[in-house]
Amino acid sequence: MKRLLSEVYLHLIAGVIALGILGISAHTLWMDRLGTWQEAEKSSRNVLTTIARDLDNNLELLDLSLKGAIEGLRHLSSHRLSPDLQYRMLFDRAASANFMAALLLVDRDGRLIADAGPVIALRSLNVSDREYFTAHKNTHHLGLYVSRPYRSKAPHGDLTIGISRRLSDSNGGFAGVVIGSIALNTINQRFEHLSLGRHGAINLFRGDGVLLTRYPFDESQINQDLGGSPHVQRLLREKSGTFDSVSPIDGVHRIISFDRLEKYPLVLTVALSMDEVFAAWERKALVLSLVTLVLCCAVVGLTFLFQRELKRRTRAETKLRRIARTDDLTGLPNRRAFRETFEREWRQAVRSGSPLSLLFIDADYFKSFNDRYGHGRGDEVLRAIAGTLDASIRRPRDIATRYGGEEFAIILPETDLTGAMRIANAVRETINAMAMAHEGSPYHIVTVSIGVASARPSRGNDRNTLLEAADQALYRAKAAGRNAVRSLGEDHAPSRGSLPNAAA
């Protein structure tokens with residue numbers, strides 16, 4: 001039990017140490033990962049705020065140009081002015097909108113009325129097939145409208161998005177559209193100085209989920225309707241935020257920070273690749289995991305070493321205890337073991353009220369045997385007698401011991417005087433049957449004398465009375481001429497001042 005408790009305690013300590021190492025490593029990695037995420041979120045939101053503010057300011061200037069053109073058109077309808085004044089009346093505010101590629105006024109049939117911008121539109125221009133024209137024509141209260149990307153009809157034919165408002169006549173009917181166009185490359189040029197990593201991205205979505213532009217620019221990805229994607233639905237549903245998701249555009253897992261422009265139906269996102277953001281953390285996690293694994297293996301190894309040492313020490317202690325309780329010559333328990341066993345069985349007999357018997361065995365004329373045959377032969381005789389005694393007992397609690405010299409003892413728990421006498425006679429007869437020659441004995445063979453005592457111990461009895469009774473019975477057997485088994489009388493409980501039943 002002590003050994004088992006020691007092993008359990010050792011494994012418990014090793015487990016606590018290993019779990020502690022794992023817990024500290026896991027906590028360190030988790031906190032470091034959380035810090036990396038927060039740093040990436042902070043960086044992406046700073047970039048997002050800068051871009052959104054710049055985009056919002058430029059769109060506001062473009063929208064003011066549209067409103068100025070609408071207001072100037074109302075004045076022109078009631079005044080006849082020179083062409084130069086008309087141009088200034090219509091497009092005076094457009095000079096401040098450097099984000100703009102072109103500013104056009106078209107009538108209810110889509111034909112060009114006037115234009116402003118770095119590129120002069122063709123006089124035969126007709127935009128009645130454009131999405132923004134159709135949208136304003138069919139919807140009265142549309143307000144500011146952002147079109148899908150389209151290819152400009154200007155000579156260079158750049159991809160463009162249109163920001164437009166409806167023109168109404170005096171009766172509120174559809175009178176045309178004022179449209180300001182923005183080239184996508186103009187927007188993307190503002191992102192070129194930003195460092196987002198190899199797989200970082202900036203996306204500009206329309207309010208219905210259409211991808212207007214993207215950096216790095218890939219024309220094949222532009223103008224996709226991604227409104228049905230859960231990824232984009234979250235962008236459209238919430239005002240702003242940060243989350244991680246797999247992009248429906250290119251399948252890259254990113255940390256996405258997004259924000260909706262306050263005045264315009266646009267959503268801007270800044271996305272950083274998860275792999276790139278956590279690359280340094282993953283290297284650190286790998287190193288720390290290897291260190292943790294080595295430490296845990298070291299703990300396990302030390303545990304096994306300690307356990308092996310504990311087992312070795314336990315075996316050594318067990319061997320020493322066995323040696324301390326075992327007679328070297330015969331292999332039987334020695335006198336110390338006899339005393340320990342007798343004490344234990346006496347207490348057990350007191351508790352259970354059962355009888356306890358004791359046999360003292362002495363080899364007859366053993367001194368003359370040694371003198372005649374030598375101590376070597378004498379040792380062989382003692383071993384033979386010990387083997388006979390050990391073979392004569394059958395129950396687990398019965399024990400045969402070497403009491404000292406040529407004397408032996410047998411303890412028989414839960415055995416009365418009759419049973420003890422039967423065992424004693426069987427021992428004597430077996431030794432006689434071995435017919436070991438002994439010319440110094442009147443019997444000419446090795447014989448033994450046996451004294452038998454039995455008692456039913458109770459509280460207050462002196463256990464030494466049983467030992468004394470067995471010893472007196474042995475002397476009685478010797479006095480009877482040896483090679484005999486004797487008892488003092490009938491079985492009765494010992495008491496102080498009187499001897500228990502014994503045989504000699």
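Residues numbered from 1 in each chain as written. Predicted model: local features only at pLDDT ≥ 70, side-chain atom pairs only at ≥ 80, totals over all residues. Heavy atoms only, no water.

Focus on the overall build of the chain
Thought 1: Each helix and strand counted, the chain has 12 helices and 17 strands in total.
Thought 2: Within the chain, buried positions represent 44% of all 504 residues.
Thought 3: Residue pairs at least 24 apart in sequence account for 60% of intrachain contacts in the chain once pairs closer than 6 positions are excluded.
Thought 4: As displayed, the chain has an accessible area near 26,200 Å², and 54% of this comes from carbon and sulfur atoms. (Helix = DSSP H or I, 4+ residues; strand = E, 2+ residues; numbered from the N terminus. Buried < 20%, exposed > 50% of the residue type's maximum accessible area, 1.4 Å probe, protein only. Contact = heavy atoms within 4.5 Å. Areas by Shrake-Rupley, 256 points an atom, 1.4 Å probe, with all protein chains shown as cover.)

A closer look at the environment of valine 485
Thought 1: Following the sequence through the fold, valine 485 ends up in strand 16 (residues 485–486).
Thought 2: Classification of valine 485 by relative accessible area gives buried; the value is 9%.
Thought 3: Along the chain, valine 485 and arginine 428 lie 57 residues apart, while their C-alpha atoms are 7.8 Å from each other.

Comments concerning the environment of arginine 198
Thought 1: Tracing the chain through its elements places arginine 198 in the loop between helix 4 (184–189) and strand 7 (201–206).
Thought 2: The exposure class of arginine 198 is exposed, given its relative accessible area of 75%.
Thought 3: Along the sequence, arginine 198 and proline 216 sit 18 residues apart, while their C-alpha atoms lie 9.4 Å from each other.

Section: the nonpolar core
Thought 1: Leu59, Ile163, Val178 and Leu266 are the most contacted members of the largest nonpolar core, which totals 45 residues.
Thought 2: Mapped onto this core, the elements with two or more residues apiece are helix 1 (2–76), strand 1 (102–107), strand 5 (159–168), strand 6 (174–183), helix 4, strand 7, strand 11 (266–273) and helix 7 (279–324).
Thought 3: Considering each element in turn, this core owes the most residues, 12 residues, to helix 1.
Thought 4: With residues up to four places along the chain from it excluded, the contact list for valine 178 reads Leu66, Ala69, Ile70, Leu103, Leu104, Leu105, Ile163, Ser164, Arg165 and Leu167.
Thought 5: Among the nonpolar cores identified, the runner-up in size contains 27 residues, and Ile410, Leu417, Ile431 and Ile450 belong to it. (Core = buried A, V, L, I, M, F, W, Y, C linked by side-chain atoms within 4.5 Å.)

Focus on helix 11 (residues 417–434)
Thought 1: With 18 residues, helix 11 extends 26 Å between its outermost C-alpha atoms, agreeing within 8% with the 26 Å of an ideal straight helix rising 1.5 Å per residue.
Thought 2: Here helix 11 has its buried residues at Leu417, Gly419, Ala420, Ala424, Val427, Arg428, Ile431 and Asn432.
Thought 3: With its phi angle positive at about 50°, alanine 435 sits one or two positions after the end of helix 11. (Expected span 1.5 Å × (residues − 1).)

Remarks on the pattern of salt bridges
Thought 1: In total, this model carries 26 salt bridges according to the counting rule given.
Thought 2: Residue arginine 214 pairs with aspartate 250 through a salt bridge whose shortest N-O separation is 2.9 Å. Of this pair, arginine 214 sits in strand 8 (residues 211–215) while aspartate 250 sits in the loop between strand 9 (240–246) and strand 10 (253–260), placing them 36 residues apart in sequence.
Thought 3: What makes arginine 214 buried here is its relative accessible area of 3%. (Salt bridge = Lys/Arg side-chain N within 4 Å of Asp/Glu carboxyl O.)

What about the confidence of the model for the chain?
Thought 1: In the predicted model, the chain carries a mean pLDDT of 85, and 88% of its residues have values of at least 70.
Thought 2: In the model, residues 490–504 has pLDDT below 50 throughout and makes 70 contacts with residues more than four positions away in sequence or in other chains. (pLDDT = per-residue confidence, 0-100.)

Details of the packing of helix 9 (residues 366–373) against helix 10 (residues 375–392)
Thought 1: Between helix 9 and helix 10, whose axes approach to 7 Å, the crossing angle comes to 135°. When the interaxial angle is binned, helix 9 and helix 10 end up oblique. Here Phe366, Phe369, Asn370 and Tyr373 of helix 9 lie close against helix 10, whose contacting residues are His375, Arg377, Gly378, Val381 and Leu382.
Thought 2: A per-class count over the contact of helix 9 with helix 10 returns five nonpolar, three polar and one charged. (Axes fitted to C-alpha atoms, helices over the stretch in contact; angles between N-to-C directions. Parallel < 35°, antiparallel > 145°, perpendicular 65-115°, else oblique. Nonpolar A, V, L, I, M, F, W, Y, C, P; charged D, E, K, R; others polar.)

Structural notes on empty space enclosed by the protein
Thought 1: By the definition in use, this model includes one cavity of 30 Å³ or more.
Thought 2: There is about 60 Å³ of room inside the largest cavity.
Thought 3: Along its surface, the largest cavity is lined by Asn203, Phe205, Arg214, His231, Ser247, Pro248, Ile249, Arg254, Ile256, Thr269 and Ala271.
Thought 4: Here the lining of the largest cavity is built from residues that sort into five nonpolar, four polar and two charged. (1 Å grid on protein atoms, 1.4 Å probe; cavity = no way out; pocket = protein on both sides within 12 Å on 5 of 7 lines; lining within 4 Å. Points joined across faces, edges and corners; volume = space filled by probe spheres on them.)

Quick word on a positive patch on the surface
Thought 1: Residues Arg344, Arg347, Arg351 and Arg459 make up a contiguous surface patch of positive charge.
Thought 2: With respect to the element layout, arginine 351 can be found in helix 8 (residues 335–352).
Thought 3: Judged by relative accessible area, arginine 351 falls into the exposed class, the value being 56%. (Patch = residues over 30% accessible without salt bridge, like charges linked within 9 Å, V, L, I, M, F, W, Y side chains within 5 Å. Lys, Arg positive; Asp, Glu negative; His and termini not counted. Charge placed at Lys NZ, Arg CZ, Asp CG, Glu CD.)

Describing the pairing of strand 7
Thought 1: Among the six residues of strand 7, six are classified as buried, and the element is accordingly described as predominantly covered.
Thought 2: Across the two faces of strand 7 the burial is the same, with Ala201, Asn203 and Phe205 and Ile202, Leu204 and Arg206 all buried.
Thought 3: Relative to strand 11, strand 7 runs antiparallel, the two being bridged by six bridges. Note that in strand 11 the partner of phenylalanine 205 across the bridge is valine 267.
Thought 4: The pairing of strand 7 with strand 8 spans four bridges and is antiparallel. (Pairing = 2+ DSSP bridges.)

A word on the environment of aspartate 244
Thought 1: With respect to the element layout, aspartate 244 can be found in strand 9.
Thought 2: Aspartate 244 sits in the partly exposed class, given a relative accessible area of 35%.
Thought 3: Once the C-alpha coordinates of aspartate 244 and isoleucine 256 are considered, the two residues, 12 residues apart in sequence, prove to be 5.7 Å apart.
Thought 4: Other than its neighbours up to four places away in sequence, aspartate 244 contacts Trp37, His253, Arg254, Ile255 and Met274.
Thought 5: Separated by 2.9 Å, the side chains of aspartate 244 and histidine 253 make a polar contact. (Polar contact = N/O pair within 3.5 Å; in protein donor to acceptor, adjacent residues only side chain to side chain.)

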